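Structural overview
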Amino acid sequence: MTRQSWAGFFLVLDGIDGCGKSTQAKNLYHHFRKMNQKVHITTEPSQGDLGQILRKYLKKDQNPPQLDALLFAADRIEHCHDEILPALNDGKLVISDRYRDSSYIYQSIQGKNDGINRAWIESINKFSLTPDFTIIFDIDPKIALKRRITHNTENQEEMDKFEEINFQYEIRKGFKEIVAHNPKEKYLIIDADQSPDQIFAIVLKKINHLLKTKGILL
Ligand SMILES: Nc1ncnc2c1ncn2[C@@H]1O[C@H](COP(=O)(O)OP(=O)(O)O)[C@@H](O)[C@H]1O
Ligand SMILES: Cc1cn([C@H]2C[C@H](O)[C@@H](COP(=O)(O)OP(=O)(O)O)O2)c(=O)[nH]c1=O
């Protein structure tokens, strides 16, 4: 699975937990559906067989971090092979709610005291597809947490193991560093402390431009 050119467009939305990426992924999906544009929405952990197994493992507190990293990487290979590449070859805009950068950041921070480093995570992910473009939603973790509690999608007892606030500050920093070290042609960082409509307007302007440049959108 080394092919890196396709008829479609591979877009990733990423950021800390609760930054609003699922909301924007769904907005984009519905927008392009209405326009009769070929579009596919997906998420990581994936809905595939390995994604189901991974979600089960993530509910356990005491997995070795190496195991988490390997499961995320395995799920990603299956996800690329079974779902993402076929959709891209079919000319679709593929919108993924989280992808490889989440592994680079979450697993390297989670495993920093267990001998896990970024180079190893990159190596186990080297067979996954490289996105055409990534949007990072940047927000203070306290605001993201408040949103999720206010909307009653979360309470403190049910918080996933990755959602502890200091960990989220480290994750936020990690995403910012990725943006800083990559070209503007590949990444956009958006201040996610704005209304959903304001954020959507920024996202849509960028994606329309990118799709027009690639000749996918007329
Ligand atoms: N821009 C926004 N302003 C206020 N609340 C938001 C905004 N975007 C999303 N939300 C709400 O915040 C919560 C988390 O958003 P969600 O899109 O699920 O985040 P993520 O997918 O990044 O975890 C949801 O309850 C959602 O309705
Ligand atoms: C894709 C991915 C997610 N994660 C983490 C981020 C989330 O805290 C958790 C599960 O994701 P999920 O339950 O979908 O949360 P969210 O709505 O915030 O995206 O898995 C990783 O640690 N590594 C990865 O490669």
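A quick note: this is a predicted structure, and the numbers were derived from the prediction, not measured. Throughout this document, residue positions are counted from 1 along each chain, in the order its sequence is written. Going through the entries in the order they are written, you letter the chains from A and number the ligands from 1. Where local features are concerned, this predicted model is filtered to residues with pLDDT of at least 70; where side-chain atom pairs are given and counted, the filter is 80 or more; whole-chain, interface and lining totals use all residues. Side-chain numbers here rest on the full set of heavy atoms in the structure, without hydrogens or water.

1. Structural notes on the packing of aromatic side chains
Any aromatic ring pair is given by two values, namely how distant the centres are and how the planes are angled relative to each other. We count it as follows: Centre distance within 6.5 Å is the pairing criterion for rings of Phe, Tyr and Trp, where only the six-membered ring of Trp is used; planes under 30 degrees apart are then read as stacked, over 60 as edge-to-face, and the remainder as tilted. Lysine NZ or arginine CZ positioned within 6 Å of the ring centre and within 35 degrees of the ring normal marks a charge as sitting over the ring.
Considering all chains together, one arrives at three aromatic pairs under this definition. Within the aromatic cluster, the residues linked to one another by ring pairs are Trp6, Phe10 and Tyr99. Looking at arginine 76, its charged tip hangs above the ring of tyrosine 99, at a distance of 5.4 Å from the centre.

2. Topic: the side chain of aspartate 75
Selection rule: Strands are runs of DSSP state E lasting at least 2 residues, helices are runs of H or I lasting at least 4, and numbering of each runs from the N terminus. Relative accessibility under 20% of the residue-type maximum defines a buried residue, over 50% an exposed one, and the middle range a partly exposed one, all with a 1.4 Å probe and only protein chains included. Neither His nor the chain ends is counted toward charge; the positive residues are Lys and Arg and the negative residues Asp and Glu. Within this document, salt bridges are pairs made up of a side-chain nitrogen of Lys or Arg and a carboxyl oxygen of Asp or Glu, the two lying within 4 Å of each other. Any two residues whose heavy atoms approach within 4.5 Å are treated as being in contact.
Within the fold, aspartate 75 resides in helix H3 (residues 65-89). Of the side chains with opposite charge, arginine 76 comes closest to the buried, unpaired aspartate 75, at an N-O distance of 6.5 Å. Apart from residues no more than four positions distant in its own chain, aspartate 75 is found in contact with Pro45, Ser46, Leu50, Gly51 and Leu54.

3. Brief notes about the site of ligand 1
Here is the rule: Nearness is judged by heavy atoms alone; a residue qualifies as near a molecule or strand once a single heavy atom is within 4 Å of it. Counting of polar contacts relies on pairs of N or O atoms within 3.5 Å, with two restrictions inside protein: one atom must be capable of donating a hydrogen and the other of accepting it, and residues adjacent in sequence are counted only when both atoms are side-chain atoms. Here the Shrake-Rupley method, with its probe set to 1.4 Å, supplies the accessible areas, and only the displayed protein chains count as covering residues.
The environment of ligand 1 is made up of 13 residues, and the closest members are Gly18, Gly20, Ser22, Thr23 and Gln194. Within the side chain of threonine 23, one N or O atom sits 2.5 Å away from an oxygen atom of ligand 1. Taken by itself ligand 1 offers 560 Å² of open surface, and the protein chains cover 78% of this. Mapped by element, the contributors of at least two residues to the shell around ligand 1 are helix H1 (21-34), helix H6 (141-150) and helix H8 (196-213). Top element by residues in the shell around ligand 1 is H1. It accounts for three residues.

4. Some thoughts on the nonpolar core
To keep things clear, this is the line we draw: Nonpolar cores are built from buried Ala, Val, Leu, Ile, Met, Phe, Trp, Tyr and Cys residues. Side-chain atoms within 4.5 Å join them into one set.
Within the largest apolar cluster, 45 residues are counted, with the highest numbers of intra-cluster contacts made by Leu11 and Ile207. For this core, the element with the most residues is H8, which contributes seven residues. Those residues in contact with leucine 11 that lie beyond four places of it in its chain are Leu28, Leu93, Val94, Ile95, Ser96, Phe133, Ile135 and Ile207. Trp6, Ile84, Leu88 and Leu129 belong to the second-largest nonpolar core, a separate cluster that totals eleven residues.

5. Some details on the site of ligand 2
Note the threshold: Each residue gets one label: Ala, Val, Leu, Ile, Met, Phe, Trp, Tyr, Cys and Pro are nonpolar, Asp, Glu, Lys and Arg are charged, and the others, such as Gly, are polar.
Taken together, the neighbourhood of ligand 2 is formed by Asp17, Lys21, Glu44, Pro45, Phe72, Arg76, Arg98, Ser102, Ser103, Tyr106, Gln107 and Phe162. Within the side chain of lysine 21, an N or O atom sits 2.9 Å from an oxygen atom of ligand 2. Within the contact set of ligand 2, an oxygen atom lies 2.6 Å away from a side-chain nitrogen or oxygen of serine 103. Counting only elements with at least two residues in the shell around ligand 2, the list comes to H3 and helix H4 (100-110). Take the shell around ligand 2: its biggest share by element is four residues, from H4. Here the shell around ligand 2 is built from residues that sort into four nonpolar, three polar and five charged.

6. Some remarks on helix H7 (residues 165-180)
For clarity, the cut-off: Take the residue count of a helix, subtract one, and multiply by 1.5 Å to get its expected span. Directions from the helix axis toward the C-beta atoms define the arc.
The terminal C-alpha atoms of H7 lie 23 Å apart, and with 16 residues this matches the ideal 22 Å at 1.5 Å per residue to within 8%. Where H7 is concerned, the buried positions are Phe167, Gln168, Ile171, Arg172, Gly174, Phe175, Ile178 and Val179. All buried residues of H7 lie within an arc of 160° about the axis, which places them on one face of the element. Seen from the open side of H7, the exposed residues pointing more than 90 degrees away from its buried face are Asn166, Lys173 and Ala180. Here the buried face of H7 lies against strand E1 (9-15), H4, helix H5 (118-124), strand E4 (133-138), H6 and strand E5 (187-191).

7. Quick notes on the pattern of salt bridges
According to the stated counting rule, one finds eleven salt bridges in the structure shown. For aspartate 90, the salt bridge is made with lysine 38, and the minimal N-O distance between the two is 3.2 Å. Note that aspartate 90 is positioned in the loop between H3 and strand E3 (93-97) and lysine 38 in the loop between H1 and strand E2 (39-43), a separation of 52 residues in sequence. The closest approach of N and O atoms between aspartate 138 and arginine 172, which form a salt bridge, is 2.8 Å. Of the two residues, aspartate 138 is situated in strand E4 and arginine 172 in helix H7; the sequence distance between them amounts to 34 residues.

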